[in-house]
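Structural overview
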Amino acid sequence: MLTIPCPWCGERDVHEFRSGGEAHLKRESRTDNLSDAEWADFLFLRANPKGEHAERWYHVHGCRRWFNAVRNTHTDTILAVYKPGEAKSEVSQ
Amino acid sequence: MRRYSILALARNALGYHEGWERAWRAPEPKPEYDAIIVGGGGHGLATAYYLAKEHGITNVAVLEKGWLGGGNTGRNTTIVRSNYLWDESAALYEHSLKIWEGLSQELNYNVMFSQRGVMNLAHNLHDLRELKRRAHANRLNGIDCDFLSREQVGEYCPLINLSPDIRHPVLGATLQRRGGVARHDAVAWGFARAADARGVDIIQNCEVTGILREGGRVTGVETSRGTIRAKKIGLVTAGHSSVLAGMAGIRLPVESHPLQALVSEPVKPILDTVVMSNTVHAYVSQSDKGEMVIGAGIDPYVSYSQRGGFNVVQDTLHAIVEMFPMFSRLRMLRQWGGIVDTCPDASPILSKTPIEGLYINCGWGTGGFKATPGSGHVFAHTIARDEPHPLNAPFSLERFTTGRLVDEHGAAAVAH
């Protein structure tokens with residue numbers, strides 16, 4: 001993975017980006033309602049798959065905007081990129 | 001097992017070295033074992049060795065999907081130290097360092113443990129405070145640690161660029177003189193040979209594809225070489241821990257990242273210690289062959305590629321060349337990546353799991369090699385007694401729910 005296609009700017013060198021970790025995590029608005037286990041789940045448990053992974057990227061040295069990507073973590077191939085608010089793209093293997 | 005000795009060497013020299021026996025057998029898997037260790041790296045092999053030696057459990061199989069030590073055991077930069085901040089970690093890593101000091105004799109295998117000292121550099125005021133705090137904490141725990149001023153760093157390691165005008169000037173360092181390096185392949189081979197001699201079956205090219213369970217307890221594993229049953233199973237698979245735990249329906253608080261390293265062409269001996277810097281994410285030592293062994297920071301995204309991005313190598317070499325300007329003329333020979341399983345608190349997980357008979361040893365992140373013998377020792381205890389050793393009790397899976405984290409982000413050389 002030498003370049004990443006930013007959905008705002010097009011294909012750019014990987015050096016311009018910062019990884020933002022797993023995408024589509026939802027924070028419970030009333031965290032005081034959560035049990036310790038549920039709170040630990042939100043804080044510490046991440047998908048970490050060997051295969052397709054939906055993740056956030058930040059084009060920090062470019063347009064400075066966030067976006068989402070689906071990447072195969074075994075081959076580091078980026079399968080799709082999409083803007084925040086858009087649904088996770090349907091990506092075939 | 002025929003012991004290695006000067007006499008054995010002489011005897012075999014007379015026979016043109018054709019009489020050496022295999023270091024370990026290559027057995028077919030039996031249908032059932034008392035315990036199975038998944039993962040034939042240093043930690044897994046050490047676990048099997050101590051199961052046999054300390055607990056008399058010799059009907060054990062180590063299942064390795066590739067070849068012994070072909071994962072992170074053969075991919076790390078071989079640094080051994082125990083200068084961690086908190087009491088829990090200091091005790092665990094120091095336990096390991098003490099075993100390292102007698103390991104070659106114990107295994108009858110030269111692991112080339114060389115206590116040449118490990119220096120951690122400070123580049124700013126925060127580093128200075130953090131390293132001084134850690135040096136004091138180490139001393140309170142009975143672990144040797146000296147604090148060196150900038151001038152003392154220059155005396156101890158004249159190669160380092162002490163100019164105040166560089167981007168990250170060197171302001172001081174901690175030095176653990178008992179730290180050093182070891183030959184990583186020899187650690188895997190030594191433990192494999194010693195475990196095999198006590199009856200452990202080491203089975204290579206055997207990939208675990210499923211974990212069998214009945215009524216909340218494990219009963220065996222599905223592998224590429226058939227079903228193998230056991231009532232106790234230890235998972236020691238580093239970067240693939242999430243994948244293996246997932247087979248048993250367990251989610252782990254670890255993320256897998258590539259950690260890269262590279263070596264230069266060999267040169268005459270010029271660097272007789274280990275130099276590490278957290279701030280610029282670079283560490284270097286010189287191997288006995290003369291190569292500079294250089295470690296980088298982790299690639300920031302989740303990946304199983306065992307390769308990593310070129311930009312990380314570039315950043316690391318920028319830092320190395322600033323610290324050691326004369327290295328700018330070295331050519332690099334090889335570069336590789338290992339997949340490390342990082343924990344949110346930069347401390348490992350050595351724990352029972354919600355499934356009876358299933359144990360997990362993972363989360364060592366970027367610094368597991370140094371812990372190889374100690375980790376195997378306490379994990380074998382955990383498996384044999386079905387309860388943690390006092391040294392690994394704080395490193396349970398439950399700590400992420402209870403909040404009793406062991407935060408070692410400062411002592412881990414690489415940011416997690």
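Each chain has its residues counted from 1, following the order in which its sequence is written. Ligands are numbered from 1 and chains lettered from A, in the order in which they are written. In keeping with the predicted nature of the model, local features appear solely for residues at pLDDT of at least 70, side-chain atom pairs appear and are counted solely at 80 or more, and the whole-chain, interface and lining totals rest on all residues. The side-chain figures draw on all heavy atoms in the structure; neither hydrogens nor water molecules are used.

Under an unreviewed UniProt entry, chain B has the name Sarcosine oxidase subunit beta and belongs to Oceanibaculum pacificum. UniProt positions are given in the numbering used here, feature names are shortened, and annotations may be inferred rather than shown by experiment. If you open the UniProt record of chain B and go to Sequence similarities (unreviewed entry), you find "Belongs to the SoxB family." Recorded in UniProt under Subcellular location (unreviewed entry), the annotation for chain B is "Cytoplasm".

Per an unreviewed UniProt entry, chain A carries the name Sarcosine oxidase subunit delta and comes from Oceanibaculum pacificum.

1. Re the overall build of chain A
Looking only at helices and strands, chain A features one helix and six strands. In DSSP terms, a helix is any run of H or I states spanning at least four residues, a strand is any run of E spanning at least two, and both are numbered starting from the N terminus. Helices and strands appear in chain A in the N-to-C order β-β-β-α-β-β-β. Summarising its shape, the C-alpha atoms of chain A cover approximately 45 × 30 × 25 Å along the three principal directions. Three labels apply to residues, based on accessible area from a 1.4 Å probe with only protein chains included: buried if under 20% of the type maximum, exposed if over 50%, partly exposed otherwise in between. Looking at the 93 residues of chain A, the share that counts as buried comes to 34%.

2. Thoughts on the interface of chain A and chain B
Residue contacts are counted whenever heavy atoms from the two residues lie within 4.5 Å of one another. Each side of the interface is counted separately: chain A has 23 residues, and chain B has 25 residues. When chain A packs against chain B, close to 2,000 Å² is buried across both sides, 54% of that on carbon and sulfur atoms. Note: buried area is the sum, over both parts, of the accessible area (probe 1.4 Å) each one loses when the two are combined. Three residues stand out in chain A for area buried against chain B, namely Phe44, Asn48 and Lys50 of chain A, and they jointly supply 33% of the buried area on that side. A carboxyl oxygen of Asp or Glu within 4 Å of a side-chain nitrogen of Lys or Arg is what we treat as a salt bridge. Our count for the chain A to chain B interface comes out at one salt bridge.

3. Section: the side chain of Thr316 of chain B
All names here are of chain B. Tracing the backbone through its elements, the reader meets Thr316 in helix α9 (residues 310–323). By relative accessible area, which is 2% here, Thr316 ends up buried. Discounting chain neighbours no more than four positions away, the residues touching Thr316 are His281, Ala282, Ile294, Gly295, Ala296 and Gly297.

4. Points about the sheet that holds strand β10 (residues 217–223) of chain B
Residue and element names in this part refer to chain B. The strand order across the open sheet formed by three strands is β9-β10-β11, and the pairing between neighbours is antiparallel. In this open sheet, the two strands that pair with only one neighbour each are β9 (208–214) and β11 (226–229). Strand-to-strand twist of the sheet, defined as the mean angle between neighbouring strand axes without regard to direction, takes the value 25°. Here, any two strands with at least 2 DSSP bridges between them count as paired. Where β9 and β10 come together, six bridges link them in antiparallel fashion. The partner of Leu212 across the bridge, within β10, is Gly220. Each axis is a line fitted through C-alpha atoms, taken for helices only over the stretch in contact, and angles between the N-to-C directions span 0 to 180 degrees.

5. Quick notes on the environment of Pro348 of chain B
Residue and element names in this part refer to chain B. Of note, Pro348 is situated in the loop between β17 (332–342) and β18 (349–352). On the basis of relative accessible area, Pro348 is assigned to the buried category, the value being 1%. Considering only alpha carbons, one finds Pro348 and Thr237, 111 residues apart in sequence, at a separation of 13 Å. Aside from chain neighbours lying at most four places away, what touches Pro348 is Leu92, Tyr93, Cys362, Gly363, Trp364, Phe395 and Arg399.

6. Side note on a nonpolar patch on the surface
Taken together, the side chains of Tyr4, Ile6, Leu7, Leu9 and Trp20 of chain B make up a nonpolar region of the molecular surface, amounting to roughly 520 Å² of accessible area. With respect to the secondary-structure elements, Tyr4 of chain B resides in the segment before α1 (6–14). A patch is a set of surface residues, each over 30% in relative accessible area and not in a salt bridge, joined within 9 Å for like charges and within 5 Å for the nonpolar side chains Val, Leu, Ile, Met, Phe, Trp and Tyr. All accessible areas in this document rest on Shrake-Rupley with a 1.4 Å probe, and a residue is counted as covered only by the protein chains that are shown.

7. Considerations on the packing of helix α2 (residues 42–55) of chain B against helix α10 (residues 372–385) of chain B
Residue and element names in this part refer to chain B. Running from N to C, α2 and α10 cross one another at 55°; their axes reach a closest spacing of 7 Å. By the angle between their axes, α2 is oblique relative to α10. Remark: the crossing between α2 and α10 carries right-handed chirality. When α2 is examined against α10, the residues Gly42, His43, Ala46, Thr47, Tyr50, Leu51, Glu54 and His55 are found in contact with a partner set consisting of Thr372, Pro373, Ser375, Gly376, His377, Phe379, Ala380, His381, Ile383, Ala384 and Arg385. Across the contact of α2 with α10, the residue classes tally to eight nonpolar, nine polar and two charged. Just so you know how the angles are binned, under 35 degrees is roughly parallel, over 145 roughly antiparallel, 65 to 115 roughly perpendicular, and the rest oblique. By the definition used in this description, the sense in which the near helix is turned from the far one sets the handedness, with an anticlockwise turn below a right angle giving left-handed and a clockwise turn giving right-handed. When residues are grouped by polarity, Ala, Val, Leu, Ile, Met, Phe, Trp, Tyr, Cys and Pro land in nonpolar, Asp, Glu, Lys and Arg in charged, and all others, Gly among them, in polar.

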